[in-house]
Amino acid sequence: MKFSFFKKKSVNTLHTVAFYNLENLFDTADAPHTLDDDFTPNGSRKWTPRRYQKKLQKLAKTISKIGRASTGQPPVLVGVAEVENKTVVQDLLATGPLSDYNYHYIHYDSPDERGIDNALLYNQDNFKVISSEPIALLLYSENGQRDTTRDILYVHGELNGEEVHVFVNHWPSRRNGDQQTDHKRIQAAHTINEYMKGIELRFNDPNYIIMGDFNDGPSSASVQTLMGNNRLYNPMEKLMAPGRGSAYYKRRWSLFDQIIVSHNFLNFEKGTHSFTEANIFDEAFLAENKGKYKGNPRRTYVGRRYVGGFSDHFPVYVQLKLNS
């Protein structure tokens, strides 16, 4: 099932933009100031160099295949969540088959207490970075203490010569309950909306790509708050279905992983990109193939039991056609 405006696609002009929550991509070293003790050789997960390398190989293989059937190449942009530091991003890009391509990355350490961050991987043959920065998500408890979480990663660049403004997100989780944490994700939406107002003072009709694990679906209050400025289009709404999603959460499928684009990706002017398709990359090799969890993302751990899978999320992607 997919949503598409085009019947025929050219492998020379189509480009994939993807997002993937990598599920706890930690190195094996103990970082003294973050809660990463579980992901060390002597920690509860017995996170050994061998297990780390196996996960890198699985993730690199997956990323290289996203959208490739129709473009003939791996994605030009990949937003990722749950990376511990720049070292794991470098290790991922140095792992085949990603090492065969001209990838680089943008990453900043965030204040998240677990030490997990967002990053943007980009193929330097297609994307040029102009500027980048982390955007702090400022949340406070009732007593005024800051609730630290992942920064929002902002990257301004040129995709095949066209300027784009990219936001990579991993919004606060639902761990303490949906309703109890709704306000945090709504604040994340407000934060991006305010930042876009600043962009629009400097740029005329900017192109936006807003991707991430929003920990909320397309119809939620937080995502609808983000969409409320009428600049944006969410193709992921067309993918919502009871038996399909990017993650299996509380015995039901969810579509927390989304890529949202601005309306100017729906034009067909020469030298610009046009949205063609959105999809979930839920290929069989990424899923459990038997048992009661058949079809679910094959994750690295089930509880504390190592099963050696990929991630607890499927990647999502959109494809953009470069108009010539």
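Residues numbered from 1 in each chain as written. Predicted model: local features only at pLDDT ≥ 70, side-chain atom pairs only at ≥ 80, totals over all residues. Heavy atoms only, no water.

Per an unreviewed UniProt entry, the protein carries the name Endonuclease and comes from Arenibacter aquaticus.

### Section: the sheet that holds strand β10 (residues 232-233)
For clarity, the cut-off: Being paired, for any two strands, means DSSP has found at least two bridges between them. Working definition: helices are DSSP H or I runs of at least four residues, strands are E runs of at least two. Numbering for both runs from the N terminus.
An order of β6-β7-β8-β9-β13-β10 is seen for the 6 strands of this open sheet, with the pairing classed as mixed. Both edges of this open sheet fall to β6 (127-135) and β10, since each of them pairs with a single strand only. Alignment of strand β9 (residues 208-213) against strand β13 (residues 257-262), held across 5 bridges, turns out to be antiparallel. Note that in β13 the partner of M211 across the bridge is I259.

### Remarks on the packing of aromatic side chains
What counts here: Here the aromatic set is Phe, Tyr and Trp, taking the six-membered ring for Trp, and pairing holds for ring centres within 6.5 Å; pairs whose planes are under 30 degrees apart are stacked, those over 60 apart are edge-to-face, and all others are tilted. Partly exposed describes any residue whose relative accessible area lies between the buried limit of under 20% and the exposed limit of over 50%, with all areas from a 1.4 Å probe on protein chains only and scaled to the type maximum.
Counted by the stated rule, this structure contains 20 aromatic pairs. Here the aromatic rings of F26 and F39 are separated by 4.7 Å at their centres, their planes lie at 10°, and the arrangement is stacked. Within this pair, whereas F26 is found in the loop between β2 (14-25) and α1 (49-65), its partner F39 is found in the loop between β2 and α1, the two being separated by 13 residues in sequence. Looking at F39, the relative accessible area reads 5%, which means it is buried. Pairing W253 with F314 gives two aromatic rings, centres 6.2 Å apart and planes at 15°, and the pair type is stacked. In this pair, W253 is assigned in strand β12 (residues 252-254) and F314 in the loop between β16 (305-306) and β17 (316-322), connecting sequence segments 61 residues apart.

### Notes on the pairing of β2
When you tally the buried positions in β2, you get 12 out of 12 residues, the bulk of the element. As defined by bridge partners, β2 adjoins β17 across 6 bridges and the pair is classed as antiparallel. Within β17, the residue paired with F19 across the bridge is V316. Sheet topology places β2 next to strand β3 (residues 77-83); 6 bridges connect them, and they run parallel. Note that in β3 the partner of L25 across the bridge is V83.

### Some remarks on the side chain of N24
Selection criterion: Each polar contact in these results corresponds to two N or O atoms within 3.5 Å; when the atoms are within protein, one needs to be able to donate a hydrogen and the other to accept it, and residues that are neighboring in sequence are counted only if both atoms are side-chain atoms.
Along the chain, N24 falls in strand β2. Since its relative accessible area comes to 13%, N24 is described here as buried. Side chain to side chain, N24 and R114 meet in a polar contact 2.3 Å long.

### A short note on the pattern of salt bridges
Where we set the bar: Salt bridge criterion: a side-chain nitrogen from Lys or Arg within 4 Å of a carboxyl oxygen from Asp or Glu.
Enumeration over the complete set of coordinates arrives at 11 salt bridges. Notably, a salt bridge pairs K197 with E194, separated by 3.0 Å at the nearest N-O pair. You can see K197 and its partner E194 sitting in helix α4 (residues 178-202), 3 residues apart, about one turn around the helix. Look at K197 and you get partly exposed, because its relative accessible area is 45%. When salt bridges with common partners are traced through the structure, they connect E23, R299 and D312 into a single cluster.

### Observations regarding the environment of N234
Using the following cut-off: By definition, residues are in contact when any of their heavy atoms lie within 4.5 Å.
Note that N234 resides in the loop between β10 and β11 (247-249). In this structure the C-alpha to C-alpha distance between N234 and L35, which are 199 residues apart in sequence, comes to 34 Å. Every residue in contact with N234, bar those within four places of it in the chain, is listed here: P218, V223, M227, Q258, I259 and I260. Within the structure, N234 has its side chain in polar contact with the backbone nitrogen of M236 (distance 3.0 Å). A polar contact is formed between the side chain of N234 and the side chain of Q258, at a distance of 2.9 Å.

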